[in-house]
Amino acid sequence: MYTTELQKQPSRPVAESKAEKEPQELVDAFEARVAADEFIEPKDWMPAAYRRTLVRQISQHAHSEIVGMLPEGNWICRAPSLRRKAVLLAKVQDEGGHGLYLYAAAETLGTSREEMIEALHAGKAKYSTIFNYPTLTWADIGAIGWLVDGAAIMNQVPLQRTSYGPYARAMVRVCKEESFHQRQGFEIMMAMANGTPEQKEMAQDALNRWWWPSLMMFGPPDDESPNTAQSMRWRIKRDTNDELRQHFVDVTVPQAEALGLSVPDPKLKFNDKTGHYEFGEIDWSEFWNVVKGEGPVAKERMSARVKAWDEGAWVRDAAAAHAAKQHAAKQAAE
Amino acid sequence: MSNEWPLWEVFIRTKGGLSHRHAGSVRAPDAELALRHARDTYTRRLEGVSLWVVPSAQIVASDPSQGGPLFEPAESKIYRHPTFYHVPDSVKHL
Ligand SMILES: [Fe+2]
Ligand SMILES: [Fe+2]
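Procedures and definitions
Residues numbered from 1 in each chain as written. Chains lettered and ligands numbered in written order. Predicted model: local features only at pLDDT ≥ 70, side-chain atom pairs only at ≥ 80, totals over all residues. Heavy atoms only, no water. Donors = N, O, S within 2.8 Å, 3.2 Å for Na, K, Ca; no water. Helix = DSSP H or I, 4+ residues; strand = E, 2+ residues; numbered from the N terminus. Buried < 20%, exposed > 50% of the residue type's maximum accessible area, 1.4 Å probe, protein only. Tetrahedral: all angles 85-135°; square planar, octahedral: opposite > 155°, others 65-115°. Axes fitted to C-alpha atoms, helices over the stretch in contact; angles between N-to-C directions. Left-handed = near helix turned anticlockwise from the far one by under 90°. Nonpolar A, V, L, I, M, F, W, Y, C, P; charged D, E, K, R; others polar. Salt bridge = Lys/Arg side-chain N within 4 Å of Asp/Glu carboxyl O. Pairing = 2+ DSSP bridges. Contact = heavy atoms within 4.5 Å. Phe/Tyr/Trp six-rings, centres within 6.5 Å; stacked < 30°, edge-to-face > 60°. Lys NZ or Arg CZ within 6 Å of the ring centre and 35° of its normal. Buried area = accessible area lost by both parts, 1.4 Å probe. Polar contact = N/O pair within 3.5 Å; in protein donor to acceptor, adjacent residues only side chain to side chain. Core = buried A, V, L, I, M, F, W, Y, C linked by side-chain atoms within 4.5 Å.

Here we look at the coordination of the iron ion (ligand 2)
All names here are of chain A.
Okay, so step 1: Summarising the metal site, the iron ion (ligand 2) is bound by the protein donors E95 (OE), D149 (OD), E178 (OE), E178 (OE) and H181 (ND1), whose distances to it range over 2.0 to 2.7 Å.
Okay, so step 2: Mapped onto the sequence, the donors of the iron ion (ligand 2) take the spacing E-x53-D-x28-E-x2-H.
Okay, so step 3: Here the iron ion (ligand 1) and the iron ion (ligand 2) are spaced 3.4 Å from one another, each receiving a donor from E95. Of this pair, D149 sits in helix α6 (residues 138-156) while E178 sits in helix α7 (residues 165-193); the two residues are 29 residues apart in sequence, bridging distant segments of the chain. Neither residue differs from the other here; D149 and E178 are each classed as buried.

Re the coordination of the iron ion (ligand 1)
In an ideal octahedron of six donors the angles at the metal are 90 or 180 degrees, and in an ideal tetrahedron of four donors they are 109.5 degrees.
Residues and elements named next belong to chain A.
Okay, so step 1: Bound to the iron ion (ligand 1) on the protein side are E65 (OE), E95 (OE), H98 (ND1) and E178 (OE), at distances that span 2.0 to 2.4 Å.
Okay, so step 2: The site at the iron ion (ligand 1) holds four donor atoms, and with the angles between them running 83 to 159°, its shape is irregular.
Okay, so step 3: Each donor residue of the iron ion (ligand 1) lies on one chain, and together they are spaced E-x29-E-x2-H-x79-E.
Okay, so step 4: Take E65: its relative accessible area is 3%, and that puts it in the buried class.
Okay, so step 5: E95 gets classed as buried once you look at its relative accessible area, which sits at 5%.

Some details on the packing of α6 of chain A against α7 of chain A
How two helices pack is summed up by the angle between their axes together with the distance between the axes.
All names here are of chain A.
Okay, so step 1: Contact pair α6 / α7: the axes reach a minimum separation of 7 Å and the direction vectors enclose 145°. As α6 packs across α7, the resulting crossing turns out to be left-handed.
Okay, so step 2: Residue composition of the contact of α6 with α7, by class: 13 nonpolar, nine polar and two charged.

As for the pattern of salt bridges
Okay, so step 1: Enumeration according to the criterion identifies 24 salt bridges over all chains in this entry.
Okay, so step 2: In this structure, the salt-bridge partner of D94 of chain A is R44 of chain B, at a minimum N-O distance of 2.9 Å. Remark: R44 of chain B occurs in the loop between α1 (31-42) and β3 (50-55) and D94 of chain A occurs in helix α4 (residues 82-107); the pair is interchain, linking two chains.
Okay, so step 3: In this structure D94 of chain A comes out as buried when scored by relative accessible area, which is 2%.
Okay, so step 4: Here D94 of chain A ties to R45 of chain B by a salt bridge, and the two come within 2.5 Å at their closest N and O atoms. A residue pair is termed interchain when its members come from two chains, as with D94 of chain A in helix α4 and R45 of chain B in the loop between α1 and β3.
Okay, so step 5: Relative accessible area serves as the criterion here: at 33%, R45 of chain B is assigned to the partly exposed category.
Okay, so step 6: In the salt-bridge network here, residues are joined through shared partners; they are E72, K91, E95 and D149 of chain A.

As for the sheet that holds strand β1 (residues 7-13) of chain B
Working definition: the strands of a sheet are paired by backbone hydrogen bonds and lie parallel or antiparallel to each other.
Residues and elements named next belong to chain B.
Okay, so step 1: With antiparallel pairing, three strands are arranged side by side in an open sheet as β2-β1-β3. Edge positions in the sheet fall to β2 (20-27) and β3, since each has one partner strand and no second. Going from strand to strand, the sheet's axes swing by 30° on average, the running direction of each strand aside.
Okay, so step 2: Alignment of β1 against β3, held across six bridges, turns out to be antiparallel. Across the sheet, F11 pairs through a bridge with W52, a residue of β3.
Okay, so step 3: Along the sheet face, α1 touches β1, β2 and β3 and points at about 110° away from the line of β2.

Topic: the packing of aromatic side chains
Where two aromatic rings form a pair, the distance of their centres and the angle of their planes describe that pair.
Residue and element names in this part refer to chain A.
Okay, so step 1: Inspection of every chain in the model, using the stated rule, returns 15 aromatic pairs over all chains.
Okay, so step 2: Taking 5.4 Å as the distance between ring centres and 50° as the angle between the ring planes, the aromatic pair formed by F218 and F248 counts as tilted. Here F248 lies in helix α10 (residues 241-259) and F218 lies in the loop between α8 (197-216) and α9 (228-233), a separation of 30 residues in the sequence.
Okay, so step 3: Its relative accessible area of 1% is what places F248 among the buried residues.
Okay, so step 4: Aromatic pair F287 and W288: ring centres 5.0 Å apart, planes at 75°, arrangement edge-to-face. Of the two residues examined, F287 and W288, each falls in the buried class.
Okay, so step 5: Each member of the aromatic cluster is reached from another via a ring pair, and the members are F30, W45, Y50 and W234.
Okay, so step 6: Sitting over the face of the ring of W75, R78 holds its NZ or CZ atom 3.8 Å from the ring centroid.
Okay, so step 7: For R316, the ring lying beneath its charged end belongs to W309, and the centroid distance is 3.6 Å.

As for the interface of chain B and chain A
Okay, so step 1: Facing 20 residues of chain B, the contacting portion of chain A comprises 22 residues.
Okay, so step 2: In total, chain B and chain A occlude about 1800 Å² of area from one another, counting both sides; carbon and sulfur atoms represent 47% of this.
Okay, so step 3: In this assembly, chain B and chain A are joined by five salt bridges.
Okay, so step 4: Between the two partners, chain B and chain A, sit eight residue pairs in polar contact (both at pLDDT 80 or more).
Okay, so step 5: For the side of chain B that touches chain A, the secondary-structure elements that each account for two or more residues are β2 and α1 of chain B.

Observations regarding the nonpolar core
Residues and elements named next belong to chain A.
Okay, so step 1: Of all hydrophobic cores here, the largest spans 90 residues; its most connected members are Y50, I58, Y164, W210 and W211.
Okay, so step 2: The greatest single-element share of this core, amounting to ten residues, is contributed by α6.
Okay, so step 3: Those residues in contact with W211 that lie beyond four places of it in its chain are L147, F248, V249, T252, V253, V263 and P264.

So, in structure tokens, the structure goes:
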């Protein structure tokens, strides 16, 4: 998801870097460092296309964390117990933190936070398609933690070794925090699956609705991901979309079985020879529609985000005015 | 509205006796809020006992392309390490 190019055309790194006439010895030295699994740091020389790809990927990742707070924030006031409320609040706060680590990492590449946030609010920036689905019942909060954070972890663990130092370090911090997100979700699903028949039905319904969108989180199939090879070579991405998706299915299906719930895929079956699950066709037209902003609640998400930003404007302005006043008073005293 | 808050670098002392270590950055209008944001952003799980925030613009960094001239001269000065010196095994406490 976060390493997913949400655009169908290949970007033009090779042709472009030629047009930008980057000194060959710098390019070669850079490629060699990356191939040797060295980390690239902000002030190091890097190809313009590497920088652009990273800015796009890291800012898209940051936006996903920020928008990701919305579907769950929706349920904080309706959590069924004080314990669940405290847990959900802590999780949502973590996601906000993840967004902030990532904006800071993207800023080391020369983009500004303001620019990124404006692009998001103007609808010009992409974020993970998963957050454009609605959270209809409390079981959805369980399903999100279990499946969506589960998929996010699978995507983020390898990014701890991504070639760009600030991104890798942000991922180390994020991964440390993520595992509770998934466990609290699974715990909610367990409680529901072992509850009343109605509660179990809600849990099954949540799994039915979140299963396929979760598989889509890993992005289009490898043969339709034109930029994967370049990103893998630059160690921006460490595994392909299909590899990660398969791994996710392999570990998640037994978890669903442990819950006593069934995965909504009639074609799902374990292949003894390969040791992997085979699964049905993903509806990619739905994915591309959601990418284009036609997700069930895409407009609602963005307007909630913009509203929060606008309503916080007076706080930001007051803080800036206070800082300016203190600064002036300090200078007058000197 | 481009009065974007300045950037601050955050350093955390994870426990008494250790140095502060760089954790990341925050944006904040002044030092006091930078500390509060650093606390909320980087220490939600008892990650530290002390925080430093430094305006990012105040940090002077060496140029990575000058890494060679800066650091390589130390490479040949292996006599700065104790293992350079040969002393008989029978002699203790050296
Ligand atoms: Fe997150
Ligand atoms: Fe999470």
